[in-house]
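Here is how the chains run, residue by residue.
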Amino acid sequence: MSEDDREAPDQPSGSRHVRRPRPHGRRARRIDPAAEPGADPAAEPGAPSAGAVPARSDEQRRALEEARHALRVRRGEDTAPAAPAEAGSSTPADTDLPRTHRAAVPQSGSEPAPEPPPAPQPQELGPADAHESADHRPEPEAETEPHPESFHPAVHGARTDVVDEVDDHDDHERVDAIREDDEEVVDDERDDEDDAHPFAGFEHEQKRRSPLHILPILLVLVVVLAVGAGAVYGYSWLRGNVNVDQAQDDDYTGTGSDEEVVIEIAEGDTGSDIASTLVDKGVIKSAPPFVRLFGTSQEASKIQPGSYRVNTKMSSASALEALLDPSSQTGLRVTIPEGMRMKDIFERISKTTGIPEKDFEKAAKNYTDYGIPKNRANSPEGYLWPGRYDIPEDASAGDVLTMMWERMETELDDLGVAPEDREKVLTLASIAEKEARDPDDYGRVVRTLENRLDGAGDAHGKPMKLQLDSTVAYFSGSDSISTTPKQRETDSPYNTYLHEGLPVGPISNPGKATLEAAADPPQGEWLYWVTVDTSTGETKFADTYAEHEKNVAEWKKRAATKDADG
């Protein structure tokens, strides 16, 4: 069979060589043999193609050898220049040799080719074959350069067609491998150029980068937004409270006129509150200049509640200076202790201010005229806030009642006590003021009172009388909590021995601690208490009557010991 009449063996649709992995960058283009020139695009995959491996001419052999040499030079395997094959030379290329005698062409990413097996030992030949064996026996050559005459057609005869078919199939695979390796070499050079670029691999690094790398940026954005929101809020507050757009000259100048007025600064007043009071009294022209000065002055916090005598039409700076001057304070200072009864309050204020007690008693009968809510006891008792007051010199008894109720109302509102609950809360708090000396016991006293009213715990659902000596002492006018049997038998809406439920009204004027206890008492099932030590105020609470009897016995024992000691 001639070379031109050979049929190419079946070729696979792609190369069987495994591509070596690439770190990143452009992937090498795979060469599809079906897309090569001369391939039949209509041929089915796996069908033999007559044009897949055409018969090689001398020029093709030279080109193939040069390509192999160039590949070896790039890999550093061969630095000697390739010997050009002359036209018509009888030295064929490696692809014309049987597979067992070819030089192993290293593939990229694969292990070096194994050593070829040793040549078979010469056999005994007959006389007819001796001449041919002598002429065509292969001479020992290097593994990569087999003797060109080793495969002369005269020697191999009948095996020529089979060898050619194997060679053609293997040559096709080698050509595909050379093309693919050549593409990889070119691709490697391009990757080297890309890696040399200052932004080489940037895109891939960004893809592999963890999402947490943006966390610092997010934190900075949050801080910036928070600062911005604070600035906006601060500006809005300033606009609403100070009116920064108002002209700077919206203020009086100097120390004011000869006309004097008395102003009252209440406890807890802010700079804006004081400014409003000064504007209402004609002391300053507008609030913003004073508020600005108040906010920037370190001395402004030293202004004390009380009454001040100041001039009208003063500048904001002069008004602030006058409020800081102790000589501007006017009025008479009175301090009312917590738990004090109304009649004792009137007596103390009268002694300090000179207002007659009869004026207070008369104002108390008309308490609703001074803002105090109407109640069952028909009295302002319990509605007067204890504390320090600077009473103006020209104040009346009614003015004092108004001042004290307004302070009490503010405290009740701050505690969230509804108007309909005020009478009950004030009554419970006033009893706690008289029955307990330790502030820690205020809440337990209130809870015990409510448990008895509700029949809780050992009462088994049946309400109990309160039986309080403090309420009997109140209507009896006694300064001592202890009462006599006769007093306890006296009928009065305040007598909790005779009547169920709370007394008709408060029995003192409670302060902040007892109000808080009455508004929110602690949990417990106490039904009794007794002060076992009258000198220290130690009080013991009990859930059952049996436990209470033990506490009473302890009280009697301590009292007897105290009497014996004189």
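Residues numbered from 1 in each chain as written. Predicted model: local features only at pLDDT ≥ 70, side-chain atom pairs only at ≥ 80, totals over all residues. Heavy atoms only, no water.

**Student:** Help me understand the overall build of the protein, please; the structure alone is not making it clear to me.
**Tutor:** When its secondary structure is counted, the protein shows 18 helices and seven strands. Relative to all contacts within the protein whose residues are 6 or more apart in sequence, the contacts with residues 24 or more apart total 66%. For the protein, the accessible area works out to roughly 33900 Å², and carbon and sulfur atoms hold 52% of it. (Helix = DSSP H or I, 4+ residues; strand = E, 2+ residues; numbered from the N terminus. Contact = heavy atoms within 4.5 Å. Areas by Shrake-Rupley, 256 points an atom, 1.4 Å probe, with all protein chains shown as cover.)

**Student:** What's the story with the packing of helix H14 (residues 442-454) against helix H17 (residues 512-519) in this structure? I'm lost.
**Tutor:** It is at 8 Å that the axes of H14 and H17 come closest, and there the two elements cross at 40°. The orientation of H14 with respect to H17, classified from their angle, is oblique. Classified by chirality, the crossing of H17 by H14 is right-handed. Along its contact with H14, which presents Tyr442, Gly443 and Val446, the element H17 presents Ala513, Thr514, Ala517 and Ala518. In terms of residue class, the contact of H14 with H17 is made up of five nonpolar, two polar and no charged. (Axes fitted to C-alpha atoms, helices over the stretch in contact; angles between N-to-C directions. Parallel < 35°, antiparallel > 145°, perpendicular 65-115°, else oblique. Left-handed = near helix turned anticlockwise from the far one by under 90°. Nonpolar A, V, L, I, M, F, W, Y, C, P; charged D, E, K, R; others polar.)

**Student:** Sorry, what's going on with the side chain of His548 here?
**Tutor:** Structurally, the position occupied by His548 is in helix H18 (residues 545-564). Here His548 falls in the buried class, since its relative accessible area comes to 13%. Contact partners of His548, with chain neighbours within four places excluded, come to Tyr528, Trp529, Val530 and Ala542. (Buried < 20%, exposed > 50% of the residue type's maximum accessible area, 1.4 Å probe, protein only.)

**Student:** Sorry, what's going on with the pattern of salt bridges here?
**Tutor:** Here the idea is simple: oppositely charged side chains can pair when their charged atoms come close. For the coordinates displayed, the defined rule picks out 17 salt bridges. Note that Arg447 is salt-bridged to Glu450, the shortest N-O span being 3.4 Å. Placement of both Arg447 and Glu450 in helix H14 is noted, with a separation of three residues, approximately one turn of the helix. By relative accessible area, Arg447 is classed as buried at 12%. The shortest N-O distance in the salt bridge between Lys562 and Asp533 comes to 3.8 Å. (Salt bridge = Lys/Arg side-chain N within 4 Å of Asp/Glu carboxyl O.)

**Student:** Would you take a moment to explain a nonpolar patch on the surface for this structure?
**Tutor:** On the surface, a nonpolar cluster with roughly 550 Å² of combined accessible area is contributed by Ile214, Leu215, Ile217, Leu218, Leu219 and Leu221. As for its placement among the helices and strands, Leu218 is situated in helix H6 (residues 215-241). (Patch = residues over 30% accessible without salt bridge, like charges linked within 9 Å, V, L, I, M, F, W, Y side chains within 5 Å.)

**Student:** Please explain the sheet that holds strand E1 (residues 260-265) as it appears in this structure.
**Tutor:** Pairing between the strands of a sheet is mediated by backbone hydrogen bonds and can be parallel or antiparallel. The sheet built from three strands is open, its strands ordered E1-E2-E3 with antiparallel pairing. Both outer strands of the open sheet, E1 and strand E3 (329-330), are each paired with one neighbouring strand and no more. When E1 meets strand E2 (residues 306-311), the two strands line up antiparallel, connected through six bridges. Within E2, the position partnered with Glu264 by the bridge is Ser307. (Pairing = 2+ DSSP bridges.)

**Student:** It is not clear to me how the nonpolar core should be interpreted in this structure. Could you clarify?
**Tutor:** For soluble globular proteins, nonpolar side chains are generally found buried alongside one another. Core analysis: the largest hydrophobic core is formed by 51 residues, its most contacted members being Ile336, Ile349, Leu384, Met404, Leu449 and Leu515. Every element with two or more residues in this core is listed here: strand E4 (332-336), helix H10 (342-353), helix H11 (357-365), strand E5 (387-391), helix H12 (397-414), helix H13 (422-435), H14 and H17. Here this core takes eight residues from H12, the largest share from any one element. Formed by 20 residues, the second largest nonpolar core is a distinct cluster that contains Ile274, Ala275, Phe294 and Ile303. (Core = buried A, V, L, I, M, F, W, Y, C linked by side-chain atoms within 4.5 Å.)

**Student:** Could you clarify how one ought to interpret the packing of helix H7 (residues 271-280) against helix H8 (residues 287-296) in this entry?
**Tutor:** The description of two helices packed together rests on the angle between their axes and the distance between the axes. Where H7 contacts H8, the two axes come as close as 9 Å, and the packing angle between them is 145°. Here the hand of the crossing between H7 and H8 comes out right-handed. Residues Gly271, Ser272, Ile274, Ala275, Leu278 and Val279 of H7 touch H8, and the partners they reach there are Ala287, Phe290, Val291 and Phe294. The class makeup of the residues in the contact of H7 with H8 is eight nonpolar, two polar and no charged.

**Student:** Would you take a moment to explain the packing of aromatic side chains for this structure?
**Tutor:** Working definition: an aromatic ring pair is given by the centre-to-centre distance plus the angle between the planes. Counted according to the given criterion, the structure contains seven aromatic pairs. Centroid distance Tyr474 to Tyr494: 4.9 Å. Interplanar angle 55°. Geometry classified as tilted. Note that Tyr474 is positioned in helix H15 (residues 469-476) and Tyr494 in the loop between helix H16 (485-489) and H17, a separation of 20 residues in sequence. We classify Tyr474 as buried; its relative accessible area is 17%. The structure contains a cluster of three or more aromatic residues connected by ring pairs, namely Trp526, Trp529 and Phe541. Against the face of Tyr389 rests Arg407, its NZ or CZ located 5.1 Å from the ring centre. One cation-aromatic arrangement involves Arg488 over Tyr497; the distance from NZ or CZ to the ring centre is 5.7 Å. (Phe/Tyr/Trp six-rings, centres within 6.5 Å; stacked < 30°, edge-to-face > 60°. Lys NZ or Arg CZ within 6 Å of the ring centre and 35° of its normal.)

**Student:** Help me understand the confidence of the model for the protein, please; the structure alone is not making it clear to me.
**Tutor:** Interpretation of this model should avoid reading the predicted coordinates in detail wherever pLDDT is low. Looking at the protein as a whole, the pLDDT averages 75, with 63% of positions reaching at least 70. Of the regions scoring below 50 in pLDDT, residues 1-52 engages in 74 contacts with residues more than four places distant in sequence or in other chains. Below pLDDT 50 for its whole length, residues 82-117 participates in 60 contacts with residues either more than four positions away or in separate chains. (pLDDT = per-residue confidence, 0-100.)

**Student:** What exactly am I supposed to notice about the pairing of E5 here?
**Tutor:** Each regular strand carries side chains that alternate between the two faces of the sheet. Summarising burial for E5: four of the five residues are buried, a large majority. In the sheet, E4 pairs with E5 via five bridges, with the strands oriented antiparallel. Bridging across to E5, Ile336 finds its partner in Gly387.

**Student:** What is the right way to read H17 from this model?
**Tutor:** Because an α-helix packs 3.6 residues into every turn, residues spaced three or four apart end up facing the same way. Looking at H17, one finds that the buried residues are Thr514, Leu515, Ala517 and Ala518. What you see down the axis of H17 is that its buried residues fit within an arc of 160°, all on one side. Lining the buried residues of H17 we find H12, H13 and H14. (Arc of directions from axis to C-beta.)

**Student:** Would you mind showing me how to read the environment of Val400 here?
**Tutor:** The residue Val400 is located in helix H12 in this model. Exposure remark for Val400: the relative accessible area of 2% places this residue in the buried category. C-alpha separation for the pair Val400 and Tyr389, spaced eleven residues apart in sequence, amounts to 9.1 Å. Those residues in contact with Val400 that lie beyond four places of it in its chain are Ile349, Ile355, Phe360 and Ile391.

**Student:** What's the story with unusual backbone geometry in this structure? I'm lost.
**Tutor:** Comment: phi is negative for the bulk of residues other than glycine, and the bulk of peptide bonds are trans. The backbone phi angle of Asn378 is positive, close to 55°, even though this residue is not glycine. One can find Asn378 in the loop between H11 and E5. You will see that His460, though not glycine, has its phi angle at about 55°, which is positive. Following the sequence through the fold, His460 ends up in the loop between H14 and H15. His460 sits in the exposed class, given a relative accessible area of 68%.

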